[in-house]
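A closer look at the structure
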Amino acid sequence: MSKQVVLSGIRPTGNLHLGNYFGAVRNFVAMQDNYRCYFFIADIHSLTTHPTPENLHGSVRQVLAEYLACGIDPDKAAIYIQSDLTETLELYTYLNMNAYLGELERTTSFKDKARKNPDNVNAGLLTYPVLMAADIIIHRANYVPVGKDQEQNLEMAVKFAARFNRMYGAELFPKPGPFTYDGKDPIKVPGLDGSGKMGKSEGNAINLIDTPEDIRKKVMRAVTDSGPTTPNQQKPEPIQNLFTLMNIVSKSDVIAFFDDKYNNCRIRYGDMKKQLAEDIIAFTAPIRERIVSILADEAFMARVAREGAEKARESASATMKEVRKLIGIRRFF
Ligand code: TYM
């Protein structure tokens with residue numbers, strides 16, 4: 001039986017941070033041995049926020065190097081740049097004909113972005129989930145490893161895939177589902193500013209490329225409170241967030257130690273932050289070294305992007321042949 005298909009991507013809007021790694025990339029690395037994997041860099045999606053040409057290309061290069069440094073193996077998975085696979089844009093156009101204004105306007109991420117940037121409510125932002133659906137179904141993906149924040153976009157992809165199948169009486173697209181390598185629910189990595197998720201635009205992120213000094217500074221500045229006053233009291237969000245980060249990067253005895261201190265009202269947040277910073281550094285330092293050396297190897301990155309695009313095109317063009325036939329788009333020549 002042929003392998004099940006996995007697809008996922010990341011927008012190149014800055015350096016990868018711990019949220020991207022623990023929400024997405026570590027799943028990619030774990031899945032590449034057992035599935036036919038496509039991992040791409042969503043440069044077209046990132047155009048909704050109008051990056052400069054230099055910033056766009058620089059960020060794509062950076063994310064490509066970061067994918068590789070995290071352990072995505074180009075001999076196992078296809079790594080490609082979204083704009084190298086123009087078939088996706090064709091499918092996006094077709095899907096747009098059956099994507100309705102009402103449902104697109106109702107998505108949470110569209111409403112959020114429109115509220116935060118009222119001067120830039122562009123059509124690309126509105127149809128963002130349609131392009132994302134095209135990314136996914138062009139390879140007829142079964143699984144999409146993403147963090148919690150992408151759940152609604154994935155539900156939209158499920159809807160558009162099913163709608164296409166129904167409309168053309170076909171079973172071309174499987175239902176794409178979420179997936180994590182350890183079978184747990186998709187996670188949300190919190191930021192350091194006391195509430196919400198870690199994100200590039202939130203300015204609360206620890207990046208894989210950050211130096212140890214950067215990381216120490218960022219963690220020491222994390223929001224805390226004046227400390228617990230009753231034993232075993234519930235942790236307020238900023239404190240829970242520090243523990244959540246610790247759960248991700250620290251050893252279990254370290255976590256138990258600080259948990260115990262908190263529960264006995266003897267915690268010193270400064271000590272906890274110092275420990276957390278060192279545990280993050282121990283995790284990111286080797287990745288950071290690899291990013292730096294991969295970025296210096298232009299020929300390697302070019303080969304990865306070319307071979308990835310070739311593998312992706314093979315799968316996408318097979319799908320598009322079927323799509324055109326079903327829709328009734330036939331050449332006269
Ligand atoms: P993006 O670039 O915002 O994020 C990339 C991936 O990182 C995950 N992530 C997080 N996970 C946990 N905690 C966090 N704090 C956190 N921050 C980010 C995201 O869930 C995501 O998995 N729309 C997508 C890109 C995309 C895509 C696709 C993904 C375009 N087409 C097709 C999958 C399939 C996005 O903007 O992700």
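Just so you know, these numbers come straight off a predicted model, no measurement behind them. (Residues numbered from 1 in each chain as written. Predicted model: local features only at pLDDT ≥ 70, side-chain atom pairs only at ≥ 80, totals over all residues. Heavy atoms only, no water.)

Right, let's talk about the environment of glutamate 310 for a bit. The residue glutamate 310 is located in helix α13 (residues 298–327) in this model. Under the relative-accessibility criterion, glutamate 310 is labelled partly exposed at 46%. Placed 225 residues apart in sequence, glutamate 310 and leucine 85 show a C-alpha to C-alpha distance of 8.8 Å. (Helix = DSSP H or I, 4+ residues; strand = E, 2+ residues; numbered from the N terminus. Buried < 20%, exposed > 50% of the residue type's maximum accessible area, 1.4 Å probe, protein only.)

All right, on to the domain arrangement of the protein then. By domain assignment, the protein separates into domain 1 (5–187 + 297–327) and domain 2 (212–292). The interface is formed by eight residues belonging to domain 1 together with eight residues belonging to domain 2. For the pair domain 1 and domain 2, the summed buried surface comes to about 720 Å²; carbon and sulfur atoms form 84% of the total. It is Leu18, Phe22 and Ala69 in domain 1 that bury the most area against domain 2; as a group they hold 63% of the surface buried on that side. Counting every contact that joins domain 1 to domain 2 gives one residue pair in polar contact (both at pLDDT 80 or more). Secondary-structure elements contributing two or more residues to the side of domain 1 that touches domain 2 are α1 (18–31) and α2 (53–70). With five residues, α2 is the single largest residue contributor to the side of domain 1 that touches domain 2. Classifying every residue of the side of domain 1 that touches domain 2 gives six nonpolar, one polar and one charged. (Domains from an automatic or database assignment. Contact = heavy atoms within 4.5 Å. Buried area = accessible area lost by both parts, 1.4 Å probe. Polar contact = N/O pair within 3.5 Å; in protein donor to acceptor, adjacent residues only side chain to side chain. Nonpolar A, V, L, I, M, F, W, Y, C, P; charged D, E, K, R; others polar.)

Near the ligand lie 28 residues; those nearest to it are Arg11, Tyr128, Asp135, Asp149 and Val189. Between the ligand and the protein, one listed contact pairs an oxygen atom with a side-chain N or O atom of asparagine 20 at 3.1 Å. At 2.8 Å, a backbone N or O of methionine 198 approaches a nitrogen atom of the ligand. Within the complex, the protein chains bury 98% of what would otherwise be the 710 Å² of accessible surface of the ligand. Those elements giving two or more residues to the shell around the ligand turn out to be β1 (5–10), α1 and α7 (128–137). A class-by-class count of the residues in the shell around the ligand yields 13 nonpolar, nine polar and six charged. (Near = heavy atom within 4 Å. Areas by Shrake-Rupley, 256 points an atom, 1.4 Å probe, with all protein chains shown as cover.)

Before going further, it helps to examine the nonpolar core. Residues Val25 and Tyr67 are the most contacted members of the largest nonpolar core, which totals 60 residues. When residues of this core are assigned to their parent elements, the largest contribution, 10 residues, is made by helix α12 (residues 269–295). Split by domain, the residues of this core number at least three in each of domain 1 (5–187 + 297–327) and domain 2 (212–292). Setting aside its immediate chain neighbours within four residues, tyrosine 67 contacts Gly9, Ile10, Leu16, Val25, Phe28, Phe39, Phe40, Ile41, Ile72 and Ile79. Residues Phe40, Leu91, Phe160 and Phe164 belong to the second largest nonpolar core, which totals 41 residues. (Core = buried A, V, L, I, M, F, W, Y, C linked by side-chain atoms within 4.5 Å.)

The element β1 is largely enclosed, with a buried count of five among its six residues. Where β1 meets strand β2 (residues 36–41), six bridges bridge the pair, whose relative direction is parallel. Pairing of serine 8 across the sheet is with phenylalanine 39, part of β2. With respect to chirality, the unit in which β1 leads through α1 into the neighbouring parallel β2 is right-handed. (Pairing = 2+ DSSP bridges. Right-handed = clockwise from strand over helix to strand, strands pointing away.)

Glancing now at the packing of helix α10 (residues 237–249) against helix α11 (residues 252–263). At their nearest, the axes of α10 and α11 sit 10 Å apart, and the two run at 160° to each other. By the angle class used here, α10 and α11 are roughly antiparallel. Between α10 and α11 lies a crossing of left-handed hand. The residues of α11 that touch α10, namely those facing Ile239, Phe243, Met246 and Asn247, are Val254, Ile255, Phe258, Asp259 and Tyr262. Residues that form the contact of α10 with α11 fall into these classes: seven nonpolar, one polar and one charged. (Axes fitted to C-alpha atoms, helices over the stretch in contact; angles between N-to-C directions. Parallel < 35°, antiparallel > 145°, perpendicular 65-115°, else oblique. Left-handed = near helix turned anticlockwise from the far one by under 90°.)

On to the packing of α7 against helix α8 (residues 151–167). Contact geometry for α7 and α8: axes closest at 9 Å, N-to-C directions at 70°. When the interaxial angle is binned, α7 and α8 end up roughly perpendicular. When you trace α7 past α8, the crossing you get is right-handed. Within the contact between the two elements, α7 uses Tyr128, Pro129, Val130, Met132, Ala133, Ile136 and Ile137 and α8 uses Asn153, Leu154, Met156, Ala157, Phe160 and Ala161.

Moving on, we get to the pattern of salt bridges. This model, assessed by the stated rule, comprises 14 salt bridges. When the shortest N-O distance is used, the salt bridge between glutamate 90 and arginine 324 registers 2.8 Å. Of the two residues, glutamate 90 is situated in helix α3 (residues 87–96) and arginine 324 in helix α13; the sequence distance between them amounts to 234 residues. Take arginine 324: its relative accessible area is 23%, and that puts it in the partly exposed class. For the salt bridge of aspartate 112 with arginine 115, the shortest nitrogen-to-oxygen distance reads 3.6 Å. With aspartate 112 and arginine 115 both in helix α5 (residues 108–116) and three residues apart, the pair spans about one turn of that helix. (Salt bridge = Lys/Arg side-chain N within 4 Å of Asp/Glu carboxyl O.)

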